[in-house]
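Chain by chain, the residues run as shown.
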Amino acid sequence: MKGIEKSKCKTMDGGEQYERIAEVFKENETAKKLFSFLERKSEYHVLVQNQIDVLMKVSVTLIEQEIDLYEQRCRPLLEGKIVIPKPIRNRTNQLLREIGEEGGGRRRVSASAFANDIRTATSRLLNDDVLVAADFGDHVTLIENDDYRGLDSKRDTEEEVENIFRIYPEVLDEKPLVAFPCISLRNVAFIPIIAQLRMELCDGSGEDERGGLLVKHIHQGYNALQRLVLDPPHIEDKQLFDVRALAVLKRLKEMGLLRKEDVFEQGLLHVPSTHCTSYFPERRFRFLSDWNPDALTQSDFMDRVPLHNAAYRSTLQCFRDRKSTRLNSSHANISYAVFCLKKK
């Protein structure tokens, strides 16, 4: 549209252009007043003239910024040229209904206001709580959030998630990454793509933090890798979480975001063997111990060895399949663990 107007202007002489600009300005009452000030600018004192010049430059800059914002953050969503998560599409459609197709709706929303609203909805994709507290009078418990608008692998795809976060990348870094939010059945599958996008798009979330995977939770003290091997207390289907979290660990390994030395350095065998009380994550434990069997006999700062604890916490078959082929049974610690297994 801008290109069409420019080509028209080239065919007009100065007078015709002036008349066309005047017509456009007079279509709006505010613009009409502004045009009147500009027409009489020479009649004002030089102090007023200078301020008019400043305000005009500021106005032009703001209009240019608004147009750029529309092109970059609004137009891709409004024209439907990219796929985006359903909560964002729903919010976009809701805003369009409020504005009205012809701009005559009950809200006068600018491009910046529209973008801010969608940015908030995009932030909620990461930070919305799967569970909320419910007060039953004599006790408070966590229940599923019926208004959950976060990431959901049953509904959203990685392509949709990547598209929206590339438009609003600052959302990935708006918190100091104190906790990686995607640790539930609904959103755990998105950990790899979120970590990858953080490394690419966010300053300070690169190699040292691996896109936030190594940043510890401010309250729990665990980072995302460690939480991936834990038994989340609020998840009922723990076996399903074991399967999904294992798939995430395998993908992080393929991406180079999970490394062999992490198994020991991050305590990925120590954490589940000492902190998982109601369910032992055998699939994840087996995957990590197969990858780095030496970590099974490496003691932590309390002189605890993962194999000792796991021998009591997991099924006998899990270790029977591996103790003769994967491990050096001459090692004193392993011999003790095998002895325990036999007694069990």
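Data block above holds the structure.
None of the values given here were measured: they were computed from a predicted structure. Starting afresh in each chain, residues are numbered from 1 along the sequence in its written order. Residue-level local features of this predicted model are given only where pLDDT is at least 70; pairs of side-chain atoms are given and counted only at 80 or more, and the full residue set underlies all totals for whole chains, interfaces and linings. With hydrogens and water set aside, each side-chain value is computed from the structure's full complement of heavy atoms.

Asks: So what exactly am I meant to see when it comes to the overall build of the protein chain here?
Replies: Within the protein chain, the secondary structure is distributed over 16 helices and two strands. Residue exposure (1.4 Å probe, protein chains only): buried if accessible area is under 20% of the type maximum, exposed if over 50%, otherwise partly exposed. Taken across its 344 residues, the protein chain has 38% of its residues classed as buried. As displayed, the protein chain offers around 20100 Å² of accessible surface, 51% of which is attributable to carbon and sulfur atoms. Runs of H or I in DSSP of at least four residues are treated as helices and runs of E of at least two as strands, each being numbered from the N terminus. We get accessible surface area from the Shrake-Rupley algorithm with a probe of 1.4 Å; when it comes to residues, only the shown protein chains can shield them.

Asks: Got a minute to help me understand the environment of Val188 in this structure?
Replies: Mapped onto the elements, Val188 comes out in the loop between α7 (158-167) and α8 (191-201). On the basis of relative accessible area, Val188 is assigned to the buried category, the value being 0%. Remark: the alpha-carbon pair of Val188 and Ser153, spanning 35 residues in sequence, is separated by 8.2 Å.

Asks: Before we go on, may I ask you to explain the pattern of salt bridges in this structure?
Replies: It is possible for side chains of opposite charge to pair when their charged atoms get near one another. In the sections that follow, a salt bridge refers to a side-chain nitrogen of Lys or Arg positioned within 4 Å of a carboxyl oxygen of Asp or Glu. As enumerated under the stated definition, the model contains 16 salt bridges in all. Close ionic contact of Asp242 with Arg283 constitutes a salt bridge, the shortest N to O distance being 3.6 Å. Placement of the pair is Asp242 in helix α10 (residues 238-255) and Arg283 in helix α13 (residues 282-291), with a sequence separation of 41 residues. Accessibility expressed as a relative area gives 0% for Asp242, which makes it buried. Assessed through its relative accessible area of 35%, Arg283 is described here as partly exposed. Each of the salt bridges in this network shares a partner with another, and the network as a whole consists of Glu71, Arg75, Glu79 and Lys81.

Asks: Would you explain the packing of aromatic side chains in this entry?
Replies: Aromatic ring pairs are described here by two measures, namely the spacing of the ring centres and the angle between the planes. Each Phe, Tyr or Trp ring, with Trp reduced to its six-membered ring, pairs with another whose centre is within 6.5 Å; inter-plane angles below 30 degrees give stacked pairs, above 60 give edge-to-face pairs, and intermediate values give tilted ones. Summed over the entire model, instances satisfying the criterion amount to two aromatic pairs. Ring centres of Phe280 and Phe285 lie 5.1 Å apart, and the angle between their planes is 55°; this geometry places the pair in the tilted category. Accessibility classification places Phe280 together with Phe285 in one group, the buried group. Each ring is checked for a lysine NZ or an arginine CZ that lies within 6 Å of its centre and within 35 degrees of its normal; such an atom marks a charge sitting over the ring. Geometry around Trp291 places Lys253 over its ring, the cationic atom sitting 4.5 Å from the centre.

Asks: Hey, could you run me through α10 in this one?
Replies: Residues separated by three or four positions in an α-helix point in the same direction, a consequence of the helix having 3.6 residues per turn. Multiplying 1.5 Å by the residue count of a helix minus one yields the expected span of that helix. For α10, which comprises 18 residues, the first-to-last C-alpha distance of 25 Å matches the rise-based estimate of 26 Å (1.5 Å per residue) to within 8%. Along α10, the positions that sit buried rather than exposed are Lys238, Phe241, Asp242, Ala245, Leu246, Val248, Leu249 and Leu252. For α10, the buried positions fall inside an angular range of 165° around the axis, keeping them on one side. Contacts are residue-level and defined by heavy atoms, with any inter-residue pair within 4.5 Å sufficient. Against the buried residues of α10 lie α8, α9 (224-228) and α13. Looking one or two places after α10, you find Gly256, whose phi comes out positive at around 80°. Throughout, the arc means the angular range of directions from the helix axis out to the C-beta atoms.

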